[in-house]
Each structure stands twice: as structure tokens, then as C-alpha cells.
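# Close look at the chain arrangement
For reference, the chains in residue letters:
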Amino acid sequence: MDHLKQIHAQMIISGRISDNFAASRIMSFCALSDSGDIAYARKLFENTQEPNSFMWNTIIRAYSGSPNPSNAIFLYARMRKEGAPPGNHTFPFLLKACTKYHSLSSGIQVHGHVIKHGFDLDIYVANGLIRFYGGCGSIFDARRVFDEIPERNLIIWTTMVSGYAQNFCSNEALMLFDEMIVEGVKPNGPTLASVLSACARSGGLELGERIHVFIQEKGIEVEVILGTALVDMYAKNGVISTARKLFDGMPERNIVTWNAMICGLAMHGYVEDALKLFHELERDEIAPNDITFVGVLSACCHAGLVEVGSEIFYSMRRVYGIEPKIEHYGCIVDLLGRVGRVMEAEELIRGMKWKADVVVLGALLAGCKNHGNVEIAERVVKAMLELEPNNHGVYVVLSNMYAEAARWEDVVRLRKVMRDEGLKKIPGWSLVDGDR
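Residues numbered from 1 in each chain as written. Predicted model: local features only at pLDDT ≥ 70, side-chain atom pairs only at ≥ 80, totals over all residues. Heavy atoms only, no water.

On to unusual backbone geometry. With phi around 55 degrees, His-102 is a residue other than glycine that occupies positive phi space. Looking at the element boundaries, His-102 is found in the loop between α6 (90–100) and α7 (104–116). Residue Phe-168 is not a glycine yet carries a positive backbone phi of 65 degrees. Here Phe-168 lies in the loop between α10 (154–166) and α11 (170–182). (Helix = DSSP H or I, 4+ residues; strand = E, 2+ residues; numbered from the N terminus.)

Rendered as C-alpha cells:
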């Protein structure tokens, strides 16, 4: 960015900044590169007299992948108001923003604009629509878009199969995968890795196993991306032995591969193996990232390894220069809470640079409940209700804690509040894969 600002200054001095082509390249770097700055790109955009389509699309694209995807939707509304015509590159980024923002209604409106502007049969746009509907759980609409395309390419087929797998439609995913093969569409490594990733997220072991067999039968090279996807799929589905065999047999691994195996081991309670693998990673001088530490800290939580977990948590910043995120705080708070160190956990939360979310607070509340610390529980419940006023289950937890402490007046008072406000405990739910 320092170099770019120098170039930007020279462009202003020489008058080249009025050249939209040159200005758009500056904006593109700021908005889209890893070392860029979206805010700086937005300032450039706002100071452009008549931004071209590339500039509009660049800023929309940047916002679609940012923590604030709604900005992409607002910018598109302004784009339409100012009469700038959208193109086939505008809509996929916009649909990505709608997916990330979890706004089905906004995406449906965008779909209407797609049809209005005649891009509904554009492969690039159609793929964005299928991905959007699949990502929002509206798989029927995703299939409708898929069926309306005259000419489908490999990416379209992959997106639709992945959409089925992501939405727990294992049978439909299997049938469509078979149909794709019959149609003569030959999947390559990256597309198979994409489907395997969906299988990992959704618990679609059967489809994942079918794809593994297909890879072996067709002699497809299992390079690092595809190998990692296989490891991740088997690990998340609990087939740890197969995942480990694949992991050990990979000639090349990256940090994503290590994370898939470490997190899989931790998720299924193989604590010693997860920690051993983490130390092996350290010995091999492979730099861990924030996801690595989520996996290792989760393993420590499973086994109640407070000292080990604390040492790993504090080593993130001290040894590796990685700033702990809220997920890491959630793990360490859970770990401290399980052994009754709730005062220490509460102090840790107070020191966070972010405001605690319901996951972190919930972990602390669980620790308070298990160890009878009503005083801290009262503060936690208050904080949780500020974030989620309808999360009435916390009242029930606090009421039960009052009862266990024989504080009957507080029990009566709290139940009166619940009755007066018509509060009910949010029911729990579970998921069962009916295909297996």
C-alpha cells in the first residue's frame, strides 16, 4: 500500500488520475489484493467523476467478500439509481454478497434484475444463482435455474452437486453426479475437491466415498488440494483411520491439510493424537494459523487439559504472532469454565478487543452452572440478553441455579418475570441423516 500511494500521488501530479483505466487499476489493487485497503479504494471511487462498470464491479466484488457484505447490496442500489448498467460480472458478486448476508429476499430481487437485463442464461451468472440458492437452503430454486440452462459446463454441474450435498440431499447429489458422468462431463481434481468439501460440511459420507472410488478408478492425480479435501471429508465424517492413512500417504501437505487432520482428530475426541500431530507440525517448522489453534484448543477442551490449553493459547501471540480471535477465546473460556476457574475466564473476556458473543458467554455460563457461581452467572445472563433478548433459556439456567442455592425468593422473582413477559425456553433440535 505504501508503494501504491506513491504511485497514486504521481498520477495526481501528472493528471493521469483522470484516466479511468489507470485509476481503475489503482482501485482494483486497493480493493482486492491481500495487502489492500477497501476504505482507500472506496475513497478513490467516490472521487471519480464518472466511474466505469469495471470500477462499480470492483467495489461490489470487494464488499461481497468482506465482513460487511450488505455494503455490496447498498452500492448496487446506488449503481441502479445513478443509471450505471450492470453486466454479467456484476451479478455473481452481488449474489455472493446476498449469500454471505443470508438475505434470500435480496437475492430473489437480484434474480429479477438478472432476468430483466437478459443475463439469466449466462453461464457465469447462472452459476452464481445456483450457488446463491444452494447457500440459502432453497435447493428447489437452485435446481430450477440449473434445469433452465441449455448448455451446462463442468462448473455448473459441480455447483449443483455441491449444493445438494451442502443441503443434506445425499441421494439427489449421488444421482446428479452419476448423471453428470453419463452425460460425458469429466470432473477434474478441483471440481471433485469442491464436491468433497460440501460432503465434509454436510456429513455426506456416501457421496464422498463414491467420489474417492471414482478418483481411484480413473487414475486421477491426488495433488495437495484434492488430497486435503479427501482427508477433510473423511475426518469430519468420523472415518479417522482412513483420513489418517490418506494424510500420512500424501507426498505434499500444506497448512490446510494439517488443519483438516488436527481438527478432525479433535472433533472426534482423539485428543492425544491431535496434540501429537500439532507438536509434529511444530518440529517440521510449519507455521500454524488461527484454524490450527482452534483445533488444538478444542482438543484440550475435550480432555480438560487446562495447563496445556492455556500454554498453547498464550503462545499464539507470544510465539507465532497470531492475534487470538473470538473462537480461540471461546475455547479457553470453555476450558477454564469446566474446571471451575470462572473468575479467570470472566477476566479473560473483559480483556478481549471484541465484544463477547453468545458462544463465549454461553461457555462461561455453563462453567458457572456446573460450579455454582451465581454471582458471575447473573452478570453473564444480563450480557447474553443484551445480545439476544429472546434467548429465554438463560433465564431457566439462572432460575435452576437459584433453586440449587436455595435462593427461593430469587426463583419466584425470576419466574414472575418470565411469566409476565411471556417468555419460553427456545426448544433444542438435532439432525439425523435419514439416508444412512
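After that view, the rundown keeps rolling.
A few words now on the environment of Asn-127. Topologically, Asn-127 is positioned in helix α8 (residues 123–135). A relative accessible area of 11% places Asn-127 in the buried class. In sequence terms Asn-127 and Phe-146 are 19 residues apart; their C-alpha atoms lie 8.2 Å from each other. Non-local contacts of Asn-127, meaning those with residues more than four positions away in its chain, are made with Ile-155, Ile-156 and Thr-159. (Buried < 20%, exposed > 50% of the residue type's maximum accessible area, 1.4 Å probe, protein only. Contact = heavy atoms within 4.5 Å.)

A word on the nonpolar core. Core analysis: the biggest nonpolar cluster contains 139 residues, and Leu-207, Val-333 and Leu-364 have the highest contact counts within it. It is helix α14 (residues 224–236) that contributes the most residues to this core, 8 residues altogether. When sequence neighbours within four positions are dropped, the list of residues in contact with Leu-364 reads Val-333, Val-342, Ala-345, Glu-346, Ile-349, Ile-376 and Val-380. (Core = buried A, V, L, I, M, F, W, Y, C linked by side-chain atoms within 4.5 Å.)

Relative orientation of the contacting elements helix α19 (residues 306–320) and helix α20 (residues 326–338) amounts to 155 degrees, with a least axis distance of 10 Å. As far as their axial angle goes, α20 and α19 are roughly antiparallel. Between α19 and α20 lies a crossing of left-handed hand. Counted together, Val-306, Gly-309, Ser-310, Phe-313, Met-316 and Arg-317 of α19 and His-328, Tyr-329, Ile-332, Leu-335 and Leu-336 of α20 form the full contact between these two elements. A breakdown of the residues in the contact of α19 with α20 according to their chemical character gives 7 nonpolar, 3 polar and 1 charged. (Axes fitted to C-alpha atoms, helices over the stretch in contact; angles between N-to-C directions. Parallel < 35°, antiparallel > 145°, perpendicular 65-115°, else oblique. Left-handed = near helix turned anticlockwise from the far one by under 90°. Nonpolar A, V, L, I, M, F, W, Y, C, P; charged D, E, K, R; others polar.)

With that out of the way, let us pick up the environment of Val-374. Considering the arrangement of structural elements, one finds Val-374 in helix α23 (residues 374–387). According to the relative accessible area criterion, Val-374 is buried, its value standing at 9%. Separated by 31 residues in sequence, Val-374 and Ala-405 have C-alpha atoms that sit 8.3 Å apart. Filtering out sequence-adjacent residues up to four positions away, Val-374 remains in contact with Met-401, Tyr-402, Ala-405 and Arg-407.

Here we come to the layout of surface pockets. Reported here for the largest pocket is a volume of approximately 480 Å³. Every residue lining the largest pocket is counted, 25 residues in all, and those nearest its centre are Asn-127, Arg-131, Phe-132, Thr-159 and Ser-194. Of all the secondary structure elements, the ones that give two or more residues to the lining of the largest pocket are α6, α8, α10 and α12 (189–202). A total of 8 residues in the lining of the largest pocket trace back to one element, the largest contributor, which is α8. (1 Å grid on protein atoms, 1.4 Å probe; cavity = no way out; pocket = protein on both sides within 12 Å on 5 of 7 lines; lining within 4 Å. Points joined across faces, edges and corners; volume = space filled by probe spheres on them.)

Orientation of helix α18 (residues 290–303) relative to α19, taken along the N-to-C sense of each, is 160 degrees, at an axis distance of 8 Å. Compared by their axis directions, α18 and α19 come out roughly antiparallel. In this structure, α18 crosses over α19, and the sense of that crossing is left-handed. Taken together, the residues of α19 that come into contact with α18 (itself represented by Phe-293, Val-296, Leu-297 and Cys-300) are Val-308, Gly-309, Ile-312, Phe-313, Ser-315, Met-316 and Tyr-320. Among the residues forming the contact of α18 with α19, the class breakdown is 9 nonpolar, 2 polar and no charged.

Looking now at the pattern of salt bridges. Evaluated as defined, the whole model comprises 22 salt bridges. Across the pair Asp-178 and Arg-210 runs a salt bridge, and its minimum N-O distance is 3.0 Å. Here the residue Asp-178 occupies a position in helix α11, and Arg-210 occupies one in helix α13 (residues 205–218), the gap between them amounting to 32 residues. For Arg-210, a relative accessible area of 35% puts it in the partly exposed group. (Salt bridge = Lys/Arg side-chain N within 4 Å of Asp/Glu carboxyl O.)

Attention shifts here to the side chain of Thr-257. Within the fold, Thr-257 resides in helix α16 (residues 255–267). At 2.9 Å, the side chain of Thr-257 and the side chain of Asn-254 are in polar contact. Setting aside its immediate chain neighbours within four residues, Thr-257 contacts Val-224, Thr-228, Phe-247 and Met-250. (Polar contact = N/O pair within 3.5 Å; in protein donor to acceptor, adjacent residues only side chain to side chain.)

Shape descriptors only; they carry no functional weight alone.
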